[in-house]
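Notes for the structure review
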Amino acid sequence: MALADDLRAVVRAHLAGRPGATWREFSRDVGIAGLLVPEEYGGAGCGPAELAAVAEELGRALSPHPFLQTAVMAVEALRPCARGDGAGDGAGAVLAELADGAVTATVVLPGDGELRLTGDRLTGEVPYALEGELVLVYAGGALVRAVPSERTAYRTMDESRPLQRLAFHDAPARRLGDGTSWARVRDMGIAALAAEQVGGAQRCLDLAVEHAGRRQQFGRPIGSFQAIKHKLADLLLLVESARSAAGAAAGDPVAAAVAGSYCTEAYLTAAGENIQVHGGIGVTWEHPAHRYLKRATSDAQLFGPPQAHRARLAAHVFGEDAR
């Protein structure tokens, strides 16, 4: 865990000093764009522990950087397709671009939209996708690199996690490889998001504890009142349990479903309770509490609400196809 601790410290320092840095600047200074990229393509070749450490710090800071879709999901989609093709425009070459931070990417999973792949052409629409310059699409049993005919940016409740609409009108699509790995890509995305949610929930707890120790009522800190003590103790247990769930999520569909459900609900609860502890100031524009609630709410829809994760978990437990 030494490397994970070092990465956590570097990310925290960078976000504290340069919160407005672009993805390319952030990637150059911190080097997390290639965190999961194999070393032969210019990446660090790290694993789940490092992923969880970095994602947690990004979630704690409400980072607007496209780490989830670019450095996690796109990389995970491309890795099985790379066959040493570090030149040209194959999967390996794209991995090298991602590792360098030269491009951002997003991944469209089956079910994200109505899409039809005919030869090297893609037709259809994706109502909601995370922002990214390069678009990787699972369609027709393949992973393709597609060029959208239209992009429409949304103004969302959580402005730190922008979304876009993608339309493909007989758009060019280059096949990069087999498309059977999409479930693993989804689960890696869920694992990274769960770690981000833990970071956000931890920050909500920290803010609530800090305020409870400083805010005076009836001549004493509100944190000395039994009701507030119990609330904060329950939040601590919730956050630590979520951290345990997120730590086991990568690479295991069952654990990913558990983390997707538990961490989503934990973040929503922590963000709401943080506002309750702060009272009226927690809903003012100047205070960060409302931004964590917005992120928690938007995160709850990215891979489906908690009940969708629980349904997938039940399908795994009873031996059904969980995809």
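Up top you'll find the structure we're talking about.
Residues numbered from 1 in each chain as written. Predicted model: local features only at pLDDT ≥ 70, side-chain atom pairs only at ≥ 80, totals over all residues. Heavy atoms only, no water.

1. Overview of the nonpolar core
Short version of the rule: In plain words, nonpolar cores are sets of buried Ala, Val, Leu, Ile, Met, Phe, Trp, Tyr and Cys residues tied together by side-chain atoms within 4.5 Å. Exposure is judged per residue with a 1.4 Å probe applied to protein chains only, and the accessible area is read against the type maximum: over 50% gives exposed, under 20% gives buried, and values in between give partly exposed. By definition, any uninterrupted DSSP run of H or I lasting at least four residues is a helix, any uninterrupted run of E lasting at least two residues is a strand, and each is numbered from the N terminus. Residue contacts are counted whenever heavy atoms from the two residues lie within 4.5 Å of one another.
One finds Phe-67, Leu-78 and Leu-136 to be the most contacted residues of the largest nonpolar core, which totals 51 residues. Only helix H2 (23-30), helix H3 (48-60), helix H4 (67-78), helix H5 (91-100), strand S1 (105-108), strand S4 (134-139), strand S7 (163-178) and helix H6 (182-214) provide two or more residues apiece to this core. The dominant element in this core, judged by the number of residues it contributes, is H4, at 9 residues. The residues contacting Leu-136, other than those within four sequence positions of it, are Ala-74, Ala-77, Leu-78, Thr-106, Val-107, Val-108, Leu-143, Val-144, Arg-145 and Leu-176. Counting residues in each nonpolar core, the second largest holds 29 residues, with Ala-191, Leu-207, Ile-222 and Leu-232 among its members.

2. Considering the pairing of strand S3 (residues 121-130)
Rules: In this scheme, strands are said to pair when DSSP sees at least two bridges between them.
Two strands pair when backbone bridges link them, and strand S2 (residues 114-118) and S3 are joined in this way by 5 bridges, in the antiparallel orientation. Bridge pairing in S3 links Glu-114 to Glu-125. The hairpin formed by S2 and S3 contains 2 residues between the paired strands, and Gly-119 there has a positive phi angle of roughly 65°. With 7 bridges connecting them, S3 and S7 associate as antiparallel partners. The residue of S7 that forms the bridge with Leu-130 is Leu-163.

3. Side note on the pattern of salt bridges
Where we set the bar: The salt bridge definition used is simple: a Lys or Arg side-chain nitrogen within 4 Å of an Asp or Glu carboxyl oxygen.
Within this structure, the stated rule accounts for 20 salt bridges. Across the pair Arg-165 and Glu-125 runs a salt bridge, and its minimum N-O distance is 3.2 Å. Pair noted here: Arg-165 is in strand S7 and Glu-125 is in strand S3, with a separation of 40 residues, a long-range link. In this structure Glu-125 comes out as partly exposed when scored by relative accessible area, which is 35%. Among the salt bridges present, the one from Asp-158 reaches Arg-295, with a minimum N-O distance of 2.9 Å. Pair noted here: Asp-158 is in the loop between strand S6 (150-153) and S7 and Arg-295 is in helix H9 (residues 289-302), with a separation of 137 residues, a long-range link. A network of salt bridges, in which partner residues are shared, links Glu-56, Glu-57, Arg-60, Asp-206, Glu-240 and Arg-243.

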